Amino acid sequence: MSTNQLWTVDKIKKILNKPFFDLLFIAQNIHRKHFIANKIQISTLMSIKTGLCPEDCKYCAQSARNNTGLQNQQLVKLEQVINAAKKAKKSGATRFCMGAAWRNPNDRDIPLLEQMIKGVKNIGLETCMTLGMLNKQQAERLAKAGLDFYNHNLDTSPEFYKNITTTHSYKDRLDSLDIIRKANIKICSGGILGLGETIDDRISLLVQLANLPKPPESIPINMLVKIKGTPLANNNSIDPFEFIRIIATTRIIMPTSYIRLAAGREYMNEQTQALCFISGANSIFYGEKLLTTSNPSCKKDKLLFSKLNIITEESLVNTVNEQKQIFNNNKYYDASIQ
Ligand code: SAM
Ligand code: DTB
Ligand code: SF4
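Report follows, based on the coordinates. (Residues numbered from 1 in each chain as written. Chains lettered and ligands numbered in written order. Predicted model: local features only at pLDDT ≥ 70, side-chain atom pairs only at ≥ 80, totals over all residues. Heavy atoms only, no water.)

**Remarks on the overall build of the protein chain**
Okay, so step 1: Helix and strand counts for the protein chain come out as twelve helices and ten strands.
Okay, so step 2: In terms of overall size, the protein chain behaves like a compact globule, its C-alpha atoms giving a radius of gyration of 19 Å where 338 residues would be expected to give roughly 20 Å.
Okay, so step 3: The C-alpha extent of the protein chain, read off along each of the three principal axes, is 55 × 45 × 45 Å.
Okay, so step 4: Residue burial in the protein chain is summarised as follows: out of 338 residues, 57% are buried.
Okay, so step 5: Entry remark: accessible area of the protein chain is about 15700 Å², with carbon and sulfur atoms responsible for 53%.
Okay, so step 6: With 44 positive and 30 negative side-chain charges, the protein chain shows a spacing of 4 Å between the two charge centroids. (Helix = DSSP H or I, 4+ residues; strand = E, 2+ residues; numbered from the N terminus. Rg over C-alpha atoms; globule rule 2.2 N^0.38 Å. Buried < 20%, exposed > 50% of the residue type's maximum accessible area, 1.4 Å probe, protein only. Areas by Shrake-Rupley, 256 points an atom, 1.4 Å probe, with all protein chains shown as cover. Lys, Arg positive; Asp, Glu negative; His and termini not counted. Charge placed at Lys NZ, Arg CZ, Asp CG, Glu CD.)

This is the structure:
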């Protein structure tokens, strides 16, 4: 039974519709109460099994139903994962996220996935996997191997979901999140903006995330990457200010979660990204590639970090000094969200 049914559509709508500067001011204040300002977490992604997914997600390059001209790839070898993780570590990432285009993993693949988790952790990186739906036994095995995070996005509102995916249900997603939580794996779950959803759908997604028994530790907010050959290839672009509003609202309603400015940063100029960071985004995917599409180059991101004086997180454990800084920030926190 959930103990925190706190967030309703009305409450969230009120926040989202605040005057833009008020919204950002409140979000930034809340952000500083819980996190070190100017510091972000960086994760690197690797596709460990690419394409030929039986699911029909309309945005996805990897669905077998979408003719996207993708180079398919069976589950990669352990050595490839280790090499990519070493490179990610060298570039400064603290988390390595491995994604597979599956409806769910097959039990015969679990031993290799366990080895991948152990190998990546040995390099000194946090591990994250996104493999589709999990059952209890699978989740427990991955947890035992040391998996830190599991990414499983709700993607959009329960109402709009069937317009995007029909081969599994919203309930299936929620059930997997429950299994992951109970296996003591941290949850990474968020959504995509630009699918053709309404603002109410975005609010409804936030209601779902905020009212989970415990909010996700990590919330990726993706801007749809329009992929040729998918049914959503010609969707209208989302207004950057609408996107920023969602980031700020997410920060206000889930103050202690990391919010990842996920896919779609190539559509955003530096100023839009800066406004997302001011609004409380404090994590990105770092590295030239997402799963099948490109991401800003490390060189470009480093330049942006230096222009904004952003430093990257080496460890999720706050030092004593950082705790003191959060305490000091609290002294300035007097924003009301009523
Ligand atoms: N098959 C697994 C699943 O569906 O959970 C894992 C991989 S799937 C590619 C992970 C997430 O990537 C999706 O839930 C979606 O949020 C995001 N994603 C996929 N394609 C995208 C696109 N074209 N634009 C933005 N986000 C996308
Ligand atoms: C998430 O929310 N975004 C990532 C990760 N979780 C797995 C994936 C983005 C994929 C973008 C499109 C592509 O590269 O295929
Ligand atoms: Fe498959 Fe995941 Fe893509 Fe859906 S989002 S088609 S489940 S890889």
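**A word on the pairing of strand E3 (residues 126–130)**
Okay, so step 1: In terms of residue burial, E3 counts as a mostly covered element, since five of its five residues are buried.
Okay, so step 2: By the alternation rule, side chains of E3 split into Glu126, Cys128 and Thr130 and Thr127 and Met129, which are all buried.
Okay, so step 3: Direction of pairing for strand E2 (residues 95–100) relative to E3: parallel, over a ladder of five bridges. Along E3, the bridge assignment pairs methionine 98 with methionine 129.
Okay, so step 4: Taken together, E2, helix H4 (residues 110–122) and E3 constitute a β-α-β crossover, and its handedness is right-handed.
Okay, so step 5: Looking at chain direction, E3 and strand E4 (residues 149–151) are connected through two bridges and run parallel. Within E4, the position partnered with methionine 129 by the bridge is tyrosine 150.
Okay, so step 6: Running through helix H5 (residues 136–145), the crossover from E3 to the neighbouring parallel element E4 is right-handed. (Pairing = 2+ DSSP bridges. Right-handed = clockwise from strand over helix to strand, strands pointing away.)

**A look at the packing of aromatic side chains**
For any pair of aromatic rings, the description rests on two quantities: the centre-to-centre distance and the angle between the ring planes.
Okay, so step 1: Throughout the structure, instances matching the rule amount to five aromatic pairs.
Okay, so step 2: Plain terms: the ring middles of phenylalanine 20 and phenylalanine 241 are 5.3 Å apart, the flat faces sit at 90 degrees to each other, and that makes the pair edge-to-face. Of the two residues, phenylalanine 20 sits in helix H2 (residues 20–34) while phenylalanine 241 sits in helix H9 (residues 240–253), which places them 221 residues apart along the sequence.
Okay, so step 3: Among the residues examined, phenylalanine 20 registers a relative accessible area of 15% and is labelled buried.
Okay, so step 4: Given the relative accessible area of 48%, phenylalanine 241 is considered partly exposed.
Okay, so step 5: An aromatic cluster is defined as three or more aromatic residues linked by ring pairs; in this entry it consists of Phe20, Phe21 and Phe241.
Okay, so step 6: The cationic tip of lysine 11 hangs over the ring face of tryptophan 7; the distance from NZ or CZ to the ring centre is 5.8 Å.
Okay, so step 7: Over the ring of phenylalanine 149 we find arginine 95, and its NZ or CZ is 3.8 Å from the ring centre. (Phe/Tyr/Trp six-rings, centres within 6.5 Å; stacked < 30°, edge-to-face > 60°. Lys NZ or Arg CZ within 6 Å of the ring centre and 35° of its normal.)

**Regarding the site of ligand 1**
Okay, so step 1: Close contacts around ligand 1 come from 16 residues, with Thr130, Asn153, Asp155, Arg173 and Val225 the closest.
Okay, so step 2: One nitrogen or oxygen atom from the main chain of alanine 100 is found 3.4 Å from a nitrogen atom belonging to ligand 1.
Okay, so step 3: Aspartate 155 has a polar side-chain atom sitting 2.6 Å from an oxygen atom of ligand 1.
Okay, so step 4: Alone, ligand 1 offers 550 Å² of accessible surface; in the complex the protein occludes 90% of this.
Okay, so step 5: For the shell around ligand 1, the residue count by class is ten nonpolar, four polar and two charged. (Near = heavy atom within 4 Å. Polar contact = N/O pair within 3.5 Å; in protein donor to acceptor, adjacent residues only side chain to side chain. Nonpolar A, V, L, I, M, F, W, Y, C, P; charged D, E, K, R; others polar.)

**Examining the packing of helix H10 (residues 270–278) against helix H11 (residues 298–308)**
Okay, so step 1: As a packed pair, H10 and H11 sit with axes 11 Å apart at the nearest point and diverge in direction by 60 degrees. One element, H10, and the other, H11, form an angle in the oblique class. Here H10 runs over H11; the crossing is right-handed. Along the contact surface, H10 presents Glu270, Gln273, Ala274 and Phe277, while H11 presents Leu304, Lys307 and Leu308.
Okay, so step 2: Counted by class, the contact of H10 with H11 contains four nonpolar, one polar and two charged residues. (Axes fitted to C-alpha atoms, helices over the stretch in contact; angles between N-to-C directions. Parallel < 35°, antiparallel > 145°, perpendicular 65-115°, else oblique. Left-handed = near helix turned anticlockwise from the far one by under 90°. Contact = heavy atoms within 4.5 Å.)

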